[in-house]
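Structural characterization, general
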Amino acid sequence: MDVGGAYGGGKAGAPFDPITFVQRPQVILRAVCLLFAIIVFGCISSQGWQKDKGSPEEYCLYNRNGNACNYGVGIGVIAFLASAGFLAGEYLFEQMSSVKTRKHYVLGDLGFSGFWAFLYFVGFCYLSNQWGKSESPPVGTSNMQAAIAFSFFSIFSWAGCAWFAYQRFRQGSDAAFAPSYDADPNSVPGGAPYSSYPVGPDADGGYQEPPFSGNQNRGPGDFQAPAY
């Protein structure tokens, strides 16, 4: 099935334009999500774990709670992989010739983006709470605070992705239920009504007898001989 404009995408099989692709709001927002994810899990992975002097074991700078560091790294890594996958999906979206396939992609984008925005909100609250209870570490303070800040920013970036996916879904649903017949011109503002078939000037005239009808109705006895 050849699709044109289904769920906010172009017609399947159209030539790929890289400039138009990178300027699409969905692509820009996905790139922002990917960047924020790298910052979150990168900051925690690099300096989120420290060692006490004389102890071989490492502890998390978020109130010595290893679950907090693992949570921040986990949602960041998965967000990075998901963002890369959705960027690839945006590239392939224009090539999807099936309306059903596009619908499944849009619904998956909507559900995952909304859920991950919620997980980043939980992560922001969790890391902020644990950081408020932590002792000031000798190193890594800026990294821990940056992870919290970009977890907060990621809430809005992923929520924005969910919003764009919802708009796509609405657009596809409206197109699916749109009437396929032509509208009545009388119901369109400014439309002209249908014109009737043109008729001749005698179309409404009375019935006319055929020529020579008087002679054809005479019998043999009605014939008169000419007078001399």
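The rules behind these values
Residues numbered from 1 in each chain as written. Predicted model: local features only at pLDDT ≥ 70, side-chain atom pairs only at ≥ 80, totals over all residues. Heavy atoms only, no water. UniProt positions renumbered as here; feature names shortened; annotations may be inferred. Disulfide = S-S within 2.5 Å. Buried < 20%, exposed > 50% of the residue type's maximum accessible area, 1.4 Å probe, protein only. Axes fitted to C-alpha atoms, helices over the stretch in contact; angles between N-to-C directions. Helix = DSSP H or I, 4+ residues; strand = E, 2+ residues; numbered from the N terminus. Left-handed = near helix turned anticlockwise from the far one by under 90°. Contact = heavy atoms within 4.5 Å. Nonpolar A, V, L, I, M, F, W, Y, C, P; charged D, E, K, R; others polar. Polar contact = N/O pair within 3.5 Å; in protein donor to acceptor, adjacent residues only side chain to side chain. Salt bridge = Lys/Arg side-chain N within 4 Å of Asp/Glu carboxyl O.

The name that an unreviewed UniProt entry assigns to the chain is Synaptogyrin, with the source organism given as Megalurothrips usitatus. Turning to the chain, the UniProt annotation filed under Subcellular location (unreviewed entry) states: "Membrane". UniProt lists a comment for the chain under the heading Sequence similarities (unreviewed entry), and it reads "Belongs to the synaptogyrin family."

Our focus in this paragraph is the state of the cysteines. In this structure the tally under the stated criterion is 1 disulfide. The disulfide that involves Cys60 links it to Cys69, with 1.8 Å between the sulfurs. Every disulfide takes its handedness from the sign of the S-S torsion; for Cys60 and Cys69 that torsion is 80 degrees, giving right-handed. Both residues of the pair, Cys60 and Cys69, count as buried. The thiol sulfur of Cys33 is not disulfide-bonded, and the nearest other cysteine sulfur, from Cys161, lies at 3.8 Å.

Attention now moves to the packing of helix α2 (residues 25–47) against helix α4 (residues 99–132). Here α2 crosses α4 at 35 degrees, and the two axes come no closer than 14 Å. The hand of the α2/α4 crossing is left-handed. Residues Arg30, Ala37, Val40 and Ile44 of α2 form the contact with α4, whose own contacting residues are Asp109, Ser113, Tyr120 and Leu127. Split by residue class, the contact of α2 with α4 holds 5 nonpolar, 1 polar and 2 charged.

Let's shift gears to the side chain of Arg168. Looking at where Arg168 falls in the secondary structure, it is placed in helix α5 (residues 141–176). Within the local environment of Arg168, its side chain forms a polar contact with the side chain of Glu90, the two groups lying 2.8 Å apart.

Let us now look at the UniProt feature "transmembrane region" (unreviewed entry) in the chain. Taken from the UniProt record, the annotation "transmembrane region" (unreviewed entry) applies to residues 27–49, 71–93, 105–127 and 147–166. Secondary structure across residues 71–93 comprises 100% helix and 0% strand; the distance between its end C-alpha atoms is 32 Å.

Under the defined criterion, the tally for this structure stands at 3 salt bridges. For the salt bridge of Glu90 with Arg24, the shortest nitrogen-to-oxygen distance reads 2.9 Å. Taken together, the residues span a long stretch of sequence, with Glu90 in helix α3 (residues 66–93) and Arg24 in the loop between α1 (18–22) and α2 at a distance of 66 residues. Here Glu90 falls in the buried class, since its relative accessible area comes to 1%. For Arg24, a relative accessible area of 13% translates into the label buried. A salt bridge links Arg30 to Asp109; the nearest nitrogen and oxygen atoms lie 2.1 Å apart.

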